[in-house]
Amino acid sequence: MTSRPDRREWLRRLALVVAAPLAMLAALEYVLWTFDVEAPEPAPDPLVRLFDYAGLQKKLAGESPSRFICLGESTVAGSPFEKRMNMCSLMEQSLRREPEPPAMVNLASSAQDSFDLLARAKAACAVKSRFVYAYFGHNEFLHLERWALFKPPEPLLAAGRFLERFRFFRFMRRHLAPSDPRGTDFDVAALTDAQVYDRFEENYQALLDACQDTRLVISTVVANNDLGFPASGMTLRETWRAFGAFNSVPSTKSCRHCFRAGPEVNRIIRRLAEKNTRDNLLLVDVEDLAPTGRGFELFWDHCHPKPALHEAIAVRTLETLAAKGWTAKVPAPKHDLTPTELAKGRLDRAIYLLQFDPPSSLRELDAISPAEITDPHGPVLLTRTLAAYVLDDGPALERGLAGLVAALELPGRREGVERCLASGAEHSSCSPWRQGVILGPSERAELAARARGLGSDLLARLFESL
């Protein structure tokens, strides 16, 4: 008869159960340490993934400090003319009248949100300049997929931070951990509107902190309150069939798919300006420059100003700077865009408007002189055809489809579309719109079937790529 192990034996066995794995892990850690595998690295600066802002800071430090620096999104970049014309280039034009005029350095770029701009602000405010100008707030709902991941409870995060110290853990994580599950669609990202605004306020405050030793000019932002938008969660065609219109979304309401500043943005900017009151911080409030009812007179689309509004923003900013004594009083600027440039911008934005408000897109296209449309068989024809489909205009759709089939037979056109589709339909060159914003899956399939019925597989594949 076998006797039961005594307490001492149980303790010995338990020690072996615990100690053996620990000894194996210690041995593995030693081997990895010996061969310098998965060496510890300093925690990455989250801003580094955006761009080399340390390199930008070094570049700015090597240039003349007789300048002013502009921060912003596509509005400050001057869309649809990019750096050619914007409120900053207009301010530079007027400031040339000063005895010692500052040069303008424009760090703005399209599709930036407040997190992106914080990195540029840190670089801009680490060097000397006359002042830094910041105008942003329209893109806070644009990159929500960055923040859509589930955040584990704090005990699990603490355990992860502890295990992160060991090479065997980093080695196993690199080879066994699942890939990053980001990719949540911007309109359904797992953040509430309040959380988005909280993040904007946090980033804006961080920008103010980074620039506390710099003359900083911050501005409220403006938007086209007269433009219509599809209903949230519905395609353009579904919205039209449900409501017979693309009713404007009031500026007092948040709109994740409108790509314009939500109602809290300007309130946050004003609140932070008051909270951070100091002698080297100026607020320029321009919201009243874009009253409801003048939207299409002042804007190309949802938020990009036409030249007259850029001029008005520049004038108000210059007046505020002069009143503070940061600049001399200078004449009001005037843009110098050529008629050809204006025509190109007008056509570009008329096509772009299709994704928001097809009737407005058609109205803008109808207002353009035929002489200004250099390629009537290209994006313009595609825009009119898609608008006809969305608005259930049968005769216009038939004409558009027939025109597209014929256009694809023009010299060079077929080859160009084939190259575009073969490249994976990179929409910066293949389509004026982001993929999926004009048509839903069933709608793409329906139009593709119509195209194949007309004998054009190429047109069908083009519809399927939209």
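The structure presented is a predicted model; accordingly, all values stated were derived computationally and were not measured.

J.: Kindly report on the overall build of the protein chain, identifying the contributing residues and their values.
T.: Along its length, the protein chain carries 20 helices and five strands. Residue burial in the protein chain is summarised as follows: out of 466 residues, 47% are buried. When contacts within the protein chain are restricted to residue pairs at least 6 apart in sequence, long-range pairs at least 24 apart make up 77% of them. When the accessible area of the protein chain is evaluated, it comes to approximately 23800 Å², of which 57% is carbon and sulfur surface.

J.: How would you sum up the pattern of salt bridges? Please name residues and give values.
T.: Throughout the structure, instances matching the rule amount to 29 salt bridges. Two residues, Glu297 and Arg294, come together in a salt bridge whose shortest N-O distance is 2.7 Å. Given the relative accessible area of 48%, Glu297 is considered partly exposed. Relative accessible area serves as the criterion here: at 34%, Arg294 is assigned to the partly exposed category.

J.: Let's hear about the sheet that holds strand 2 (residues 103-106): which residues, and what values?
T.: One open sheet accounts for five strands, arranged 2-1-3-4-5; its pairing is parallel. Of all the strands in the sheet, the pair left with one neighbour each is strand 2 and strand 5 (281-284). With direction set aside, neighbouring strand axes in the sheet form an average angle of 20°. Looking at chain direction, strand 4 (residues 216-219) and strand 5 are connected through four bridges and run parallel. Residue pairing for strand 5: Val217 is matched across the bridge by Leu282. Strands strand 1 (67-72) and strand 3 (131-135) of the sheet are contacted by helix 5 (residues 114-124), whose axis makes an angle of about 170° with strand 1. In this fold helix 10 (residues 263-275) packs onto strand 4 and strand 5, with an angle of close to 150° to the strand it touches most, strand 5.

J.: Please provide a residue-by-residue account of the packing of aromatic side chains, values included.
T.: Applying the stated criterion across every chain yields a total of 10 aromatic pairs. A network of ring pairs unites the aromatic residues Phe229, Phe259, Tyr352 and Phe356 as a single cluster. A cation over an aromatic ring shows up here: Arg237 above the ring of Tyr389, its NZ or CZ 3.8 Å from the ring centre. Against the face of Trp300 rests Lys306, its NZ or CZ located 5.2 Å from the ring centre.

J.: Just give me the short version of the pairing of strand 4, but keep the residues and values in it.
T.: Neither face of strand 4 is left uncovered, since the one carrying Leu216 and Ile218 and the one carrying Val217 and Ser219 both have all their residues buried. Pairing analysis gives four bridges linking strand 3 to strand 4, with the strands arranged parallel. Paired with Val132 across the two strands is Leu216, which belongs to strand 4.

J.: Which residues make up the environment of Gly293, and what values go with them?
T.: Locating Gly293 in the fold gives a position in the loop between strand 5 and helix 11 (295-298). For Gly293 and Asn225, which are 68 residues apart along the polypeptide, the C-alpha to C-alpha distance reads 7.6 Å.

J.: So what about the state of the cysteines? Which residues, and what values?
T.: The full count for this structure, using the stated rule, is three disulfides. Each sulfur of the disulfide joining Cys255 and Cys258 lies 1.7 Å from the other. Here Cys255 and Cys258 share a disulfide; its torsion about the S-S bond, 65°, makes the bridge right-handed. Taking relative accessible area as the criterion, Cys258 reaches 0% and is therefore assigned buried.

J.: Describe the environment of Leu458, listing the residues and the values that go with them.
T.: With respect to the helices and strands, the residue Leu458 is situated in helix 20 (residues 457-465). Owing to a relative accessible area of 2%, Leu458 belongs among the buried residues under this scheme. Leu458 sits 41 residues away from Val417 along the chain, and the two C-alpha atoms are 8.0 Å apart. When residues no more than four places from it in sequence are discounted, the contact partners of Leu458 are Leu408, Arg414, Val417, Glu418 and Leu421.

J.: Summarise unusual backbone geometry; cite the residues concerned and give the values.
T.: Between Ser79 and the following residue, Pro80, the backbone shows a cis peptide bond with an omega angle of 10°. Examined against the element boundaries, Pro80 turns out to sit in the loop between helix 3 (74-77) and helix 4 (87-95). For Phe259, which is not glycine, the phi torsion reads 55° and is therefore positive. Within the fold, Phe259 resides in the loop between helix 9 (236-243) and helix 10.

J.: So what about empty space enclosed by the protein? Which residues, and what values?
T.: Throughout the structure, instances matching the rule amount to two cavities of 30 Å³ or more. Estimated volume of the second largest cavity: approximately 30 Å³. As for the second largest cavity, its lining consists of Trp300, Lys306, Arg346, Arg349, Ala350, Leu353 and Glu364. With three residues, helix 13 (residues 339-352) is the largest single contributor of residues to the lining of the second largest cavity. Split by residue class, the lining of the second largest cavity holds three nonpolar, no polar and four charged.

Conventions and cut-offs
- Residues numbered from 1 in each chain as written.
- Predicted model: local features only at pLDDT ≥ 70, side-chain atom pairs only at ≥ 80, totals over all residues.
- Heavy atoms only, no water.
- Helix = DSSP H or I, 4+ residues; strand = E, 2+ residues; numbered from the N terminus.
- Buried < 20%, exposed > 50% of the residue type's maximum accessible area, 1.4 Å probe, protein only.
- Contact = heavy atoms within 4.5 Å.
- Areas by Shrake-Rupley, 256 points an atom, 1.4 Å probe, with all protein chains shown as cover.
- Salt bridge = Lys/Arg side-chain N within 4 Å of Asp/Glu carboxyl O.
- Pairing = 2+ DSSP bridges.
- Axes fitted to C-alpha atoms, helices over the stretch in contact; angles between N-to-C directions.
- Phe/Tyr/Trp six-rings, centres within 6.5 Å; stacked < 30°, edge-to-face > 60°.
- Lys NZ or Arg CZ within 6 Å of the ring centre and 35° of its normal.
- Disulfide = S-S within 2.5 Å.
- 1 Å grid on protein atoms, 1.4 Å probe; cavity = no way out; pocket = protein on both sides within 12 Å on 5 of 7 lines; lining within 4 Å.
- Points joined across faces, edges and corners; volume = space filled by probe spheres on them.
- Nonpolar A, V, L, I, M, F, W, Y, C, P; charged D, E, K, R; others polar.

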